[in-house]
Amino acid sequence: MIRLDVPGKPGATYKVRVGALDSGLAELDLPTARPLACISDPHIWDLHGDKLAAIAPVDTHLLPRGEAGKTWEHLQATIAFLAARNQQRDEPIIAFGGGAVGDLTGLAAALYRRGTPVIQVPTTLLAQVDSSVGGKTAIDAEGQKNLVGAFHPPAAVIADPALLATLDEREVTAGLAETVKYGLIGDRKFYDWLVSEGGKSLRDHNADAAARAIATAVEAKASYVRGDLEDRTGRRALLNLGHTFGHAIESIAGLGTVLHGEAVAIGMVLAARFSEAQGHASDIAEKVAADFRAIGLPTSLDDAGLAGRGSDLLDPMLHDKKNERGEIRLILLRDIGDAFMATDVAEAELGGFLRSL
Ligand SMILES: NC(=O)c1ccc[n+]([C@@H]2O[C@H](COP(=O)([O-])OP(=O)(O)OC[C@H]3O[C@@H](n4cnc5c(N)ncnc54)[C@H](O)[C@@H]3O)[C@@H](O)[C@H]2O)c1
Ligand SMILES: O=C(O)C(=O)C[C@@H](O)[C@H](O)[C@H](O)COP(=O)(O)O
Ligand SMILES: [Zn+2]
């Protein structure tokens, strides 16, 4: 079992445990008076629900799979489920699934009775390396990714790499993108490992490689979140590398069509290319694209079925949450392992770059 304590609400930390589900849950002081509320999706519940139910009795509400669950309608249905069982304010809700289940459940938990604990039990690589930790919760609205949300750190995170054995290749790819993001932002050694042997091991469902990747990513995420839980100072914003382009890709394709991780992979390559175009970096974009291709990640709009649609990205990019006072802000790279926030990016230059794609 890998044990990490991650900064949560001011002055508090929560447990992140990477290891067997039963041992991880045994480290939490779960109430036993009645079954716990659990939010999941039908696929993950069919595959692994019995394992959770054998450890902790649960009363489960199912969301549709993937991005389709991150809507007002399902937020309302989830809150109706909690209200109907008279969920108490101190009773934890279990989010059992990928990032979509985690984001929706986290938001429902933040709102229900003004805040109730959520235990994240992530079941995808993406959710284990990234979304279950850090307390960002959201639904999509008005066609925009994560438009409505709250910061609500989990009460605990239990990530069991054994659950990843049933993930299909496309979902592993999406998770690999958010994993390699940590290397590109600030850890060259992790990047080199992932694009050489690590990425292939993760694709082969190697549990030791998964545990190493999850622990490294979670430690890195904790270091960006520490002191900037609500994404205000620019430190945490580095975790958004590839996301301004990526969220725009998800939006123009139709939310749920291109997976978040796929869009972020392409977004990171575009961020590397734009970093060069802006004179911040040299000779990284082709290397990043080649490294990504070698581990099966998409690298271009063409790969997402969006060839020739570069200019369409500008409008959604102008709606990104990082933009302030009318200024466009992007996470760019000086080098592999050296990300920074570029402020006051000229719209005309960004537009020209997008048109050239
Ligand atoms: N809050 C954050 O910090 C944060 C970070 C990154 C991503 N996100 C969000 O997370 C979402 C993407 O998450 P995701 O990639 O986990 O996708 P997802 O939650 O949509 O799940 C992907 C699919 O995998 C299936 N699945 C889940 N676990 C499985 C398993 N063990 N075996 C087989 N199939 C399984 C699900 O049924 C689903 O169809 C996006 O909405 C993204 O915006 C949030
Ligand atoms: O935790 C963070 O901070 C991140 O930016 C992690 C991202 O991987 C994640 O996709 C996040 O939900 C994006 O947030 P947003 O603020 O751009 O909606
Ligand atoms: Zn992301």
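Residues numbered from 1 in each chain as written. Chains lettered and ligands numbered in written order. Predicted model: local features only at pLDDT ≥ 70, side-chain atom pairs only at ≥ 80, totals over all residues. Heavy atoms only, no water.

For the chain, an unreviewed UniProt entry supplies the name 3-dehydroquinate synthase and the organism Sphingomicrobium sediminis. For the chain, the Function (unreviewed entry) comment in UniProt is given as "Catalyzes the conversion of 3-deoxy-D-arabino-heptulosonate 7-phosphate (DAHP) to dehydroquinate (DHQ)." Regarding the chain, the relevant UniProt record gives this comment under Subcellular location (unreviewed entry): "Cytoplasm". (UniProt positions renumbered as here; feature names shortened; annotations may be inferred.)

Observations regarding the site of ligand 2
In the vicinity of ligand 2 lie 13 residues, with Asp130, Lys136, Lys221, Arg236 and Lys321 positioned nearest. Here an oxygen atom of ligand 2 and a side-chain polar atom of Asn146 are 3.0 Å apart. Protein chains shield 90% of the accessible area of ligand 2, which is 430 Å² for the free molecule. Of all the secondary structure elements, the ones that give two or more residues to the shell around ligand 2 are α6 (169–186) and α9 (243–253). (Near = heavy atom within 4 Å. Polar contact = N/O pair within 3.5 Å; in protein donor to acceptor, adjacent residues only side chain to side chain. Areas by Shrake-Rupley, 256 points an atom, 1.4 Å probe, with all protein chains shown as cover. Helix = DSSP H or I, 4+ residues; strand = E, 2+ residues; numbered from the N terminus.)

Let's talk about the packing of aromatic side chains
The geometry of an aromatic ring pair comes down to the distance between the two centres and the angle between the two planes. Evaluation of the coordinates by the stated rule reveals four aromatic pairs. Here the aromatic rings of Phe274 and Phe353 are separated by 5.0 Å at their centres, their planes lie at 55°, and the arrangement is tilted. Here Phe274, found in helix α10 (residues 260–277), pairs with Phe353, found in helix α13 (residues 347–355); they are 79 residues apart in sequence, far enough to count as distant. By relative accessible area, which is 1% here, Phe274 ends up buried. By relative accessible area, Phe353 is classed as buried at 10%. One aromatic cluster in this structure is built from Phe245, Phe274 and Phe353. Across from the ring centre of Phe340, 4.3 Å away, lies the NZ or CZ of Arg334, which sits over that ring. (Phe/Tyr/Trp six-rings, centres within 6.5 Å; stacked < 30°, edge-to-face > 60°. Buried < 20%, exposed > 50% of the residue type's maximum accessible area, 1.4 Å probe, protein only. Lys NZ or Arg CZ within 6 Å of the ring centre and 35° of its normal.)

Re the side chain of Asp160
Here Asp160 shows up in the loop between β9 (156–159) and α6. No salt bridge forms around the buried Asp160; measuring N to O, its nearest opposite-charge neighbour Lys51 is 8.4 Å away. Within polar-contact distance, the side chain of Asp160 engages the backbone nitrogen of Ala162 at 2.9 Å. For Asp160, the contacting residues outside a window of four places in its chain are Gly19, Ala20, Leu21 and Gln128. (Lys, Arg positive; Asp, Glu negative; His and termini not counted. Salt bridge = Lys/Arg side-chain N within 4 Å of Asp/Glu carboxyl O. Contact = heavy atoms within 4.5 Å.)

What about the pattern of salt bridges?
In total, this model carries 24 salt bridges according to the counting rule given. For Arg85, the salt bridge is made with Asp59, and the minimal N-O distance between the two is 2.9 Å. With Arg85 in the loop between α3 (72–84) and β5 (93–97) and Asp59 in strand β4 (residues 58–62), this residue pair connects regions lying 26 residues apart in the sequence. Residue Asp59 is classed as partly exposed on the basis of its relative accessible area, which comes to 30%. Here Arg309 and Asp312 are joined by a salt bridge, their closest N and O atoms 2.4 Å apart. Residue class for Arg309 comes out partly exposed when judged on its relative accessible area of 30%. Connected through salt bridges with shared partners, the residues Glu67, Lys70, Asp103, Lys145 and Glu250 form a single ionic network.

Looking at the site of ligand 1
Every one of the 27 residues lining ligand 1 counts as a neighbour, but Glu67, Gly99, Thr124, Lys145 and Thr166 are closest to it. Contact distances for ligand 1 include 2.8 Å between a nitrogen atom and a side-chain N or O atom of Thr123. When isolated, ligand 1 has an accessible area of 870 Å², and the protein chains bury 93% of it. Those elements that place two or more of their residues in the shell around ligand 1 are α2 (42–55), α4 (99–111), α5 (125–131) and α6. No other element matches α2, which puts four residues into the shell around ligand 1. A class-by-class count of the residues in the shell around ligand 1 yields six nonpolar, ten polar and eleven charged. (Nonpolar A, V, L, I, M, F, W, Y, C, P; charged D, E, K, R; others polar.)

Here we look at the nonpolar core
Ranked by size, the top nonpolar core spans 81 residues in total, and within it Val16, Leu184, Phe245, Ile249, Phe292, Leu313 and Leu350 carry the most contacts. Residues within four places of Leu313 in sequence aside, it is in contact with Ala248, Ile249, Ile252, Leu270, Leu301 and Leu354. (Core = buried A, V, L, I, M, F, W, Y, C linked by side-chain atoms within 4.5 Å.)

Comments concerning α4
Here α4 is 13 residues long and its end C-alpha atoms lie 18 Å apart, about the 18 Å a rise of 1.5 Å per residue gives. Among all positions of α4, only Gly99, Ala100, Val101, Gly102, Asp103, Leu104, Thr105, Gly106, Leu107, Ala108, Ala109 and Ala110 are buried. Of the residues flanking the end of α4, it is Arg113, one or two places downstream, whose phi is positive at about 50°. (Expected span 1.5 Å × (residues − 1).)

Describing the sheet that holds strand β6 (residues 118–122)
The strand order across the open sheet built from seven strands is β1-β2-β9-β6-β5-β3-β4, with neighbouring strands paired in mixed fashion. What marks the edges here is a single partner per strand, and that holds for β1 (2–7) and β4. Neighbouring strand axes in the sheet, compared pairwise and without regard to direction, differ in orientation by 20° on average. Pairing of β6 with β9, which is carried by two bridges, proceeds in the parallel orientation. For Ile119, the partnering residue across the bridge sits in β9 and is Ala156. (Pairing = 2+ DSSP bridges. Axes fitted to C-alpha atoms, helices over the stretch in contact; angles between N-to-C directions.)

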